[in-house]
Amino acid sequence: MLLAVCCFLAGCGLRTFLQLEAVRIDDGLEVWLGGGGNSVGVLHGRQAFLSDVKFADFGMRLRHDLEDTLRLKVSRVMLTHAHQDHAGSLALYPEVGAVLVHPNAKKRLLAQGERAPFVEVDGEIRLFLGEEEVRVLNLGSGHTDGDLVAYLPKRKWVVAGDLVNEDLEPRADQAYGGDVLVLAHTVQRILELDFTHLVPGHGQVMPRSKVEHFGDYLKQLEAGIRAEVTKGSDEDTAVRAVQLQGFDDIKTAFYVPSREGTTRAMFQSVKKETEMNSSKKETP
Ligand SMILES: [Zn+2]
């Protein structure tokens, strides 16, 4: 039974989720794929800027790589959002100078008992780290209600957290204030940036074309659902009607919904938005 469950989970992406692989891009950039959420280090002098700290043993291995192997001091951390697999190992950096977070992520982390020199990013903070400029941006949320991205304009890279996951359905975690319609719009704002590569929350580094494909999927899904809501279709009818072609490469995993799950979530968000707009119009 246990083996069957493990095989099932492995088939649904558990192996990718748990396997930790360090990839050195060049002297100034290293990516740690897997072991929970992906992490990105901007290395400058004897210091590092780190986006997402992982959790449990993976977080300890990441800190070991940075501090013991590379002999760098992590001076600044950015958290793409408050989920444990991205933010759980924050306590391993007690001397960090600043932890950049979305205001809503800060609230959640404080409620979870995390204490750190949090710096809220409401709009944008620009950091100049050696040769590298890092823009920490609040472009909108959707995976949770407190998502940030980092943009490295010189090398045209984006660090997107779980707003984008390679080849996977979008995950809007409602328990953390996520909403798939909001996520769809945030992905369009990410695509407004001039980038060639994107580090997703989970999976391999993606070329821009893959992110555009994911953006097209969300756009078409929203448009299809909006048409059904306008017609007055109920949820089941809308799910049957909106069967998108050309996106079979975007799959489910144990931590993201099925295509049907995404479609239902989109229906509920669009319907809610439509009802709110019509009640606003009715209010004198
Ligand atoms: Zn997440």
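Use the structure listed above.
Nothing here was measured: the structure is a model prediction, and the numbers come from that model. (Residues numbered from 1 in each chain as written. Predicted model: local features only at pLDDT ≥ 70, side-chain atom pairs only at ≥ 80, totals over all residues. Heavy atoms only, no water.)

Caption draft 1: Seen up close, the overall build of the protein. What the protein contains, in helices and strands, is nine helices and 13 strands. The globule rule puts the C-alpha radius of gyration for 284 residues at 19 Å, and the 19 Å found for the protein is close to it. Dimensions of the protein, computed from C-alpha atoms along their principal axes, come out at roughly 60 × 55 × 35 Å. Relative to its full complement of 284 residues, the protein shows a buried share of 50%. Of the contacts formed within the protein by residues at least 6 apart in sequence, a portion of 60% connects residues at least 24 apart. Here the protein displays about 13,300 Å² of accessible surface, and carbon together with sulfur accounts for 53% of that area. Averaging the locations of the 33 positively and 41 negatively charged side chains of the protein gives two centres separated by 2 Å. (Helix = DSSP H or I, 4+ residues; strand = E, 2+ residues; numbered from the N terminus. Rg over C-alpha atoms; globule rule 2.2 N^0.38 Å. Buried < 20%, exposed > 50% of the residue type's maximum accessible area, 1.4 Å probe, protein only. Contact = heavy atoms within 4.5 Å. Areas by Shrake-Rupley, 256 points an atom, 1.4 Å probe, with all protein chains shown as cover. Lys, Arg positive; Asp, Glu negative; His and termini not counted. Charge placed at Lys NZ, Arg CZ, Asp CG, Glu CD.)

Caption draft 2: Region of the structure containing unusual backbone geometry. Not every positive phi belongs to a glycine, and lysine 54 is a case in point at roughly 65 degrees. Looking at where lysine 54 falls in the secondary structure, it is placed in the loop between β4 (47-51) and α3 (56-69). Lysine 54 sits in the buried class, given a relative accessible area of 0%.

Caption draft 3: Expanded view of the environment of threonine 196. Considering the arrangement of structural elements, one finds threonine 196 in the loop between α6 (180-191) and β12 (197-200). Look at threonine 196 and you get partly exposed, because its relative accessible area is 37%. Considering only alpha carbons, one finds threonine 196 and leucine 70, 126 residues apart in sequence, at a separation of 27 Å. When residues no more than four places from it in sequence are discounted, the contact partners of threonine 196 are Arg155, Lys156, Trp157, Met206, Pro207 and Arg208. Side chain to side chain, threonine 196 and histidine 197 meet in a polar contact 2.9 Å long. (Polar contact = N/O pair within 3.5 Å; in protein donor to acceptor, adjacent residues only side chain to side chain.)

Caption draft 4: Region of interest: the coordination of the zinc ion. Only His81 (NE2), His83 (ND1), His143 (NE2) and Asp162 (OD) from the protein reach the zinc ion as donors, at distances of 2.2 Å. Of note is the zinc ion, whose four donor atoms meet at the metal with angles of 89 to 164 degrees in an arrangement that counts as irregular. Positions of the donor residues of the zinc ion, expressed as sequence spacing, correspond to H-x1-H-x59-H-x18-D. With a gap of 81 residues between them, histidine 81 in the loop between β5 (73-78) and α4 (84-87) and aspartate 162 in the loop between β11 (157-161) and α6 connect regions that are remote in the sequence. Neither residue differs from the other here; histidine 81 and aspartate 162 are each classed as buried. (Donors = N, O, S within 2.8 Å, 3.2 Å for Na, K, Ca; no water. Tetrahedral: all angles 85-135°; square planar, octahedral: opposite > 155°, others 65-115°.)

Caption draft 5: Structural view of the pattern of salt bridges. This model, assessed by the stated rule, comprises 20 salt bridges. Between arginine 108 and aspartate 145 there is a salt bridge, with its nearest N and O atoms 2.9 Å apart. Placement of the pair is arginine 108 in helix α5 (residues 103-111) and aspartate 145 in the loop between β9 (132-137) and β10 (149-152), with a sequence separation of 37 residues. Here aspartate 145 falls in the partly exposed class, since its relative accessible area comes to 23%. Where glutamate 169 meets arginine 259, a salt bridge forms, and the shortest distance between an N and an O atom there is 2.6 Å. Taken as a pair, glutamate 169 in the loop between β11 and α6 and arginine 259 in helix α9 (residues 259-282) lie far apart in primary sequence, 90 residues in all. For arginine 259, a relative accessible area of 25% translates into the label partly exposed. Counted as one network, the salt bridges with shared partners bring together Glu235, Asp236, Glu260 and Arg264. (Salt bridge = Lys/Arg side-chain N within 4 Å of Asp/Glu carboxyl O.)

Caption draft 6: Expanded view of the pairing of β10. In β10, alternate side chains face the same way, and those of Val149 and Tyr151 on one face and Ala150 and Leu152 on the other are all buried. Pairing of β10 with β11, which is carried by three bridges, proceeds in the antiparallel orientation. Bridging from a neighbouring strand, leucine 152 pairs with tryptophan 157 of β11. Connecting the antiparallel pair β10 and β11 is a turn made up of four residues, with lysine 156 showing a positive phi of about 60 degrees. (Pairing = 2+ DSSP bridges.)

Caption draft 7: Examining the nonpolar core more closely. Within the largest apolar cluster, 34 residues are counted, with the highest numbers of intra-cluster contacts made by Val164, Ile190, Phe195 and Leu198. Listed by contribution, the elements that provide at least two residues to this core are β10, β11, α6, α7 (208-231) and α9. Residue contacts for phenylalanine 195: discarding those within four places in its chain leaves Tyr151, Lys156, Val158, Ile190, Arg208 and Val211. Of all hydrophobic cores here, the second largest spans 25 residues; its members include Ala48, Leu50, Leu62 and Tyr176. (Core = buried A, V, L, I, M, F, W, Y, C linked by side-chain atoms within 4.5 Å.)

Caption draft 8: Up close: the sheet that holds β4. Strand order in this open sheet of seven strands is β1-β2-β3-β4-β5-β6-β7, and the pairing throughout is mixed. Every interior strand has two partners, whereas the edge strands, β1 (21-26) and β7 (118-120), have only one. Shown here is a sheet whose adjacent strand axes are inclined to one another by a mean of 25 degrees, direction ignored. When β4 meets β5, the two strands line up parallel, connected through five bridges. Looking across to β5, one finds that glutamine 47 is bridged to lysine 73. (Axes fitted to C-alpha atoms, helices over the stretch in contact; angles between N-to-C directions.)

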